[in-house]
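Each chain, letter by letter, is given below.
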Amino acid sequence: MIDLTSDIRDMMAQKDMSLKEVKSIITDMLKSAYKRKFGTDENAEVKFFTKKKDSSRIYVDILSKKTVVEEEDFFNEVTEIPYDEAVVLAGDEVEVGDTLEIPLNPRTFEYSAVQSAKQRGQQVSKEMTDDKTFIKAKSMEFTLVKGELKKIGKNNSDWLVDVGFGEENLAVFPLRGQSPRETYDMGDTLRFFVEKVDRGDEVITRDTKTGKTKKKKRGVKISLSRSCKEFVKCLLEAQLREEIDNGTVVIKSIARQVGVRTKVAVDTKKSDTDPVGATVGKAGCKIQTITNEIAGEKIDVVRYDEDPIVLIANALTPAQVQRVVEIDPVSKYAVAIVDDKDQGLAIGQNGVNVKLAKTLCDWVIDVKTKSQFNEMDQTQLIHETVGSLFKDNEAPLENVEEKEEAVKTLTNEEIGIAEGETPISDIGLDPHLVKKLHNADIWSIEEFFDYTDEELLERGISAEEIEAVKGSVEIVTEEEEGDGSFECPVCHEIVPAGSTSCPNCGAEFEFE
């Protein structure tokens, strides 16, 4: 029996361990010593107990469990005990086949056994500490932490930072995570974004029972950054905690070129609130706090909009955008038209402003003056511009009419309707259906009948709408062929005399 009260309390305090964890380490240590002395620990048992007189004291016993055998059957002194010796230890009531628990004094173990126990204890303690450190550090991943710059790394550009896990687990603040606007000195305390937490260096351990070796990572490896956009996002979330919690501000996207400029798109869940003003704060006090944290790097806060055209115009702030033309919605390509004096501001030094706007909106954006825009491929521009006028399938009727008026300012040739073709808008269809057909790139009656019903369905035109178009077509022929047949003015196929509809394209005929 050994009194380990002070040892247990010291381990709990120094290693920040629970009583259960300390008991587990001591058990491993004693069994390691036992195995070193006897060659096995299969019959060793460690028991902790207290005494009634003083329950604050913790004692430990290591017991050797041995089977009672007859003298002539006694072959293994480690796991067996002769009957005569068993009687001396346990009394006359002991019988052959019983198991005796014989207490040992670890202090009598050889020096090598004691050293083995210490090494085992240190190993188990280190593994437990590493596991706890890793779990705690992992919970900090993708958040902000404070840390003190402790030393320069091996490459003289990375810093090692103490974030609360001691000298053995210093975090790495690499060059790629540093801002070119900032300078760093030993002892500085800064905030960092925890980019990644992994297990630390790999070590090779040997299983003492099987003799097999295995690789295991110990400690933790923590990577920090002040250059990523997530760092700015976390700063905003910390500064605007109340506004974000109550829905006044919703951070939708962030684009950053570290050391130069950051753009932030914000929205709100409240219809009567300006999220940009709430983010910037009175006289810019809130955003200035974050600007100071990132050494004066400029921050543009813009209003988010579901409409990419509006969002692109907002994202190019501080430039004033006259108009945004959606060239290709599939590849997300648009042209922003600005005054000559605003073009440099919209593009920004070294293209930074438009580059960040592209990232913020996830669109390819060209910045053009009005004259530059007019020099672009007019056929493509007009075609796509007109298409962009009708992109909102749920627009109210008055908006549709406004957009139709805009189309009327373009000639049929500019829109893409060939000479002799009939505009789809001239046959009395519902304006919503006309808009839908324009969205499907159908501008004339002739274009409509160039498609099969299946192709029209694929373009989003319903069967009822197809029939509505066909039912609105009234074609009058001027002359018939000599044999009574005539040419369909839509698809130009020869139609038998007396036909009221074209068997090829479905066009319906009315004769005068």
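A brief look at the structure comes next.

Parameters at a glance
Residues numbered from 1 in each chain as written. Predicted model: local features only at pLDDT ≥ 70, side-chain atom pairs only at ≥ 80, totals over all residues. Heavy atoms only, no water. Helix = DSSP H or I, 4+ residues; strand = E, 2+ residues; numbered from the N terminus. Buried < 20%, exposed > 50% of the residue type's maximum accessible area, 1.4 Å probe, protein only. Contact = heavy atoms within 4.5 Å. Areas by Shrake-Rupley, 256 points an atom, 1.4 Å probe, with all protein chains shown as cover. Patch = residues over 30% accessible without salt bridge, like charges linked within 9 Å, V, L, I, M, F, W, Y side chains within 5 Å. Salt bridge = Lys/Arg side-chain N within 4 Å of Asp/Glu carboxyl O. Lys, Arg positive; Asp, Glu negative; His and termini not counted. Charge placed at Lys NZ, Arg CZ, Asp CG, Glu CD. Pairing = 2+ DSSP bridges. Axes fitted to C-alpha atoms, helices over the stretch in contact; angles between N-to-C directions. Left-handed = near helix turned anticlockwise from the far one by under 90°. Nonpolar A, V, L, I, M, F, W, Y, C, P; charged D, E, K, R; others polar. Phe/Tyr/Trp six-rings, centres within 6.5 Å; stacked < 30°, edge-to-face > 60°. Lys NZ or Arg CZ within 6 Å of the ring centre and 35° of its normal. Core = buried A, V, L, I, M, F, W, Y, C linked by side-chain atoms within 4.5 Å.

1. Considerations on the overall build of the protein
Secondary structure assignment for the protein yields 19 helices and 20 strands. Going through the 512 residues of the protein one by one, you find that 41% of them count as buried. Counted over contacts in the protein with a minimum sequence separation of 6, partners at least 24 positions apart contribute 56%. A total accessible area of about 29000 Å² is found for the protein, and carbon and sulfur atoms account for 46% of it.

2. A few points about a negative patch on the surface
Negative charge collects at one region of the surface, where Glu70, Glu71, Glu72, Asp73, Asp84 and Glu85 lie side by side. Take Glu71: it is sitting in the loop between β3 (59-69) and β4 (80-82). Among the residues examined, Glu71 registers a relative accessible area of 48% and is labelled partly exposed.

3. Considerations on the sheet that holds strand β17 (residues 333-338)
In spatial order, the strands read β16-β17-β18; together these three strands make up an open sheet with mixed pairing. Two strands close off the open sheet at either side, each with one partner strand: β16 (321-328) and β18 (364-369). Here the average twist between neighbouring strands, direction ignored, is 25°. Where β16 lies against β17, six bridges are found, and the strand directions are antiparallel. Among the inter-strand pairings, Val325 is bridged to a residue of β17, identified as Val335.

4. Quick look at the packing of helix α9 (residues 308-315) against helix α11 (residues 352-361)
The geometry of α9 relative to α11 is characterised by a closest axis approach of 9 Å and an angle of 145° between their N-to-C directions. In this structure, α9 crosses over α11, and the sense of that crossing is right-handed. Together, Leu311, Ile312 and Ala315 of α9 and Ala357, Leu360 and Cys361 of α11 make up the contact between the two elements. A class-by-class count of the residues in the contact of α9 with α11 yields six nonpolar, no polar and no charged.

5. A word on the environment of Tyr34
On the secondary structure map, Tyr34 appears in helix α2 (residues 19-38). What makes Tyr34 buried here is its relative accessible area of 1%. Through-space distance from the C-alpha of Tyr34 to that of Phe109 is 8.0 Å; in sequence the pair is 75 residues apart. Excluding its chain neighbours within four sequence positions, the residues that come into contact with Tyr34 are Gly39, Thr40, Asp41, Asn43, Ala44, Ile62, Ser64, Val78, Leu104 and Phe109.

6. Section: the packing of aromatic side chains
For the structure shown, the criterion picks out five aromatic pairs. Relative to Phe38, the ring of Tyr34 lies with its centre 4.6 Å away and its plane at 50°, an arrangement referred to as tilted. Pair noted here: Tyr34 and Phe38 are both in helix α2, with a separation of four residues, about one helical turn. Members of the aromatic cluster, each reached through a chain of ring pairs, are Phe173, Tyr184 and Phe192. Over the ring of Phe134 we find Arg199; its NZ or CZ atom is 4.3 Å from the centre of that ring. Positioned above the aromatic ring of Tyr304 is the side chain of Lys252, whose terminal nitrogen or guanidinium carbon lies 5.0 Å from the ring centre.

7. Quick notes on the nonpolar core
Of all hydrophobic cores here, the largest spans 25 residues; its most connected members are Ile312, Leu316, Val324 and Ile365. The set of elements that each furnish at least two residues to this core consists of α9, β16, β17, α11 and β18. Not counting residues up to four positions away in its chain, the partners in contact with Val324 are Ile309, Ile312, Ala313, Ala334, Val335 and Ala336.

8. Side note on the pattern of salt bridges
All told, the structure shown has 20 salt bridges when counted by the stated rule. In this structure, Glu148 engages Lys150 in a salt bridge whose closest nitrogen and oxygen atoms are separated by 4.0 Å. On the basis of relative accessible area, Lys150 is assigned to the partly exposed category, the value being 28%. By sharing partners, the salt bridges in this structure join Glu182, Arg191, Arg226 and Glu293 into a single network.

Such coordinate-based values are descriptive only and should not be taken to indicate function.
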